[in-house]
Amino acid sequence: QVQLVESGGGSVAAGGSLRLSCSVSGYTENNHRVAWFRHNPGSEREGVAAIYLADGRIYYDASVKGRFTISQDKATSRVYLQMDSLKVEDTAGYYCASSDAYAGSWYRAKTYTYWGLGTQVTVST
């Protein structure tokens, strides 16, 4: 059974940095993708970044491109989201999600099968 566990959230001042970690377990092959979404109450889940583990393709939402970096550590089966130059509007619950690599558009939450429980990121002025 595939399981995703996030860690690394917290509170930081605007302009600061945080690194989120997603531990991925249960896959028997490498043909899948892992993405980070964020969500605030009353709004839809927003795709932040995704990485395709077989070929390394990476995608970012325009709002975080140049500030966030997604990466994978194959040895530890972890996917990281390095968040730099954080803004107040980055405040949200951040969720790790995974699915087969061919499940559909990377930024659409409904195309992901597995989800972690989330970790809160709060950016203050």
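Focus: the packing of aromatic side chains
Counted according to the given criterion, the structure contains 7 aromatic pairs. Residues Phe-37 and Tyr-112 carry aromatic rings whose centres are separated by 5.2 Å and whose planes lie at 75° to one another, so their mutual orientation is edge-to-face. Residue Phe-37 is located in strand 4 (residues 32-39), and its partner Tyr-112 is located in the loop between strand 9 (92-100) and strand 10 (114-115); the two are separated by 75 residues in the primary sequence. The rings of Tyr-52, Tyr-59, Trp-106 and Tyr-107 are connected pair by pair, giving a single aromatic cluster. Here Arg-45 stacks its cationic end above the ring of Trp-115, 4.5 Å away from the centre of that ring. One residue, Arg-57, lies across the ring of Tyr-52, its end atom 4.1 Å from the ring centre.

Some remarks on unusual backbone geometry
Positioned with a positive phi, Ser-77 is a non-glycine residue whose angle comes to about 55°. Tracing the chain through its elements places Ser-77 in the loop between strand 7 (68-73) and strand 8 (78-83).

Structural notes on the state of the cysteines
Taken as a whole and judged by the stated rule, the model has 1 disulfide. One disulfide bridge connects Cys-22 with Cys-96, the sulfur atoms lying 1.9 Å from each other. Since a negative S-S torsion denotes a left-handed disulfide, the Cys-22-Cys-96 link at about -75° is left-handed. In this pair, Cys-22 sits in strand 3 (residues 18-25) while Cys-96 sits in strand 9, placing the two residues 74 residues apart along the sequence. With respect to burial, Cys-22 and Cys-96 carry one shared label: buried.

Calculation criteria
Residues numbered from 1 in each chain as written. Predicted model: local features only at pLDDT ≥ 70, side-chain atom pairs only at ≥ 80, totals over all residues. Heavy atoms only, no water. Phe/Tyr/Trp six-rings, centres within 6.5 Å; stacked < 30°, edge-to-face > 60°. Helix = DSSP H or I, 4+ residues; strand = E, 2+ residues; numbered from the N terminus. Lys NZ or Arg CZ within 6 Å of the ring centre and 35° of its normal. Disulfide = S-S within 2.5 Å. Buried < 20%, exposed > 50% of the residue type's maximum accessible area, 1.4 Å probe, protein only.

Bear in mind that shape data such as this cannot, by itself, settle questions of function.
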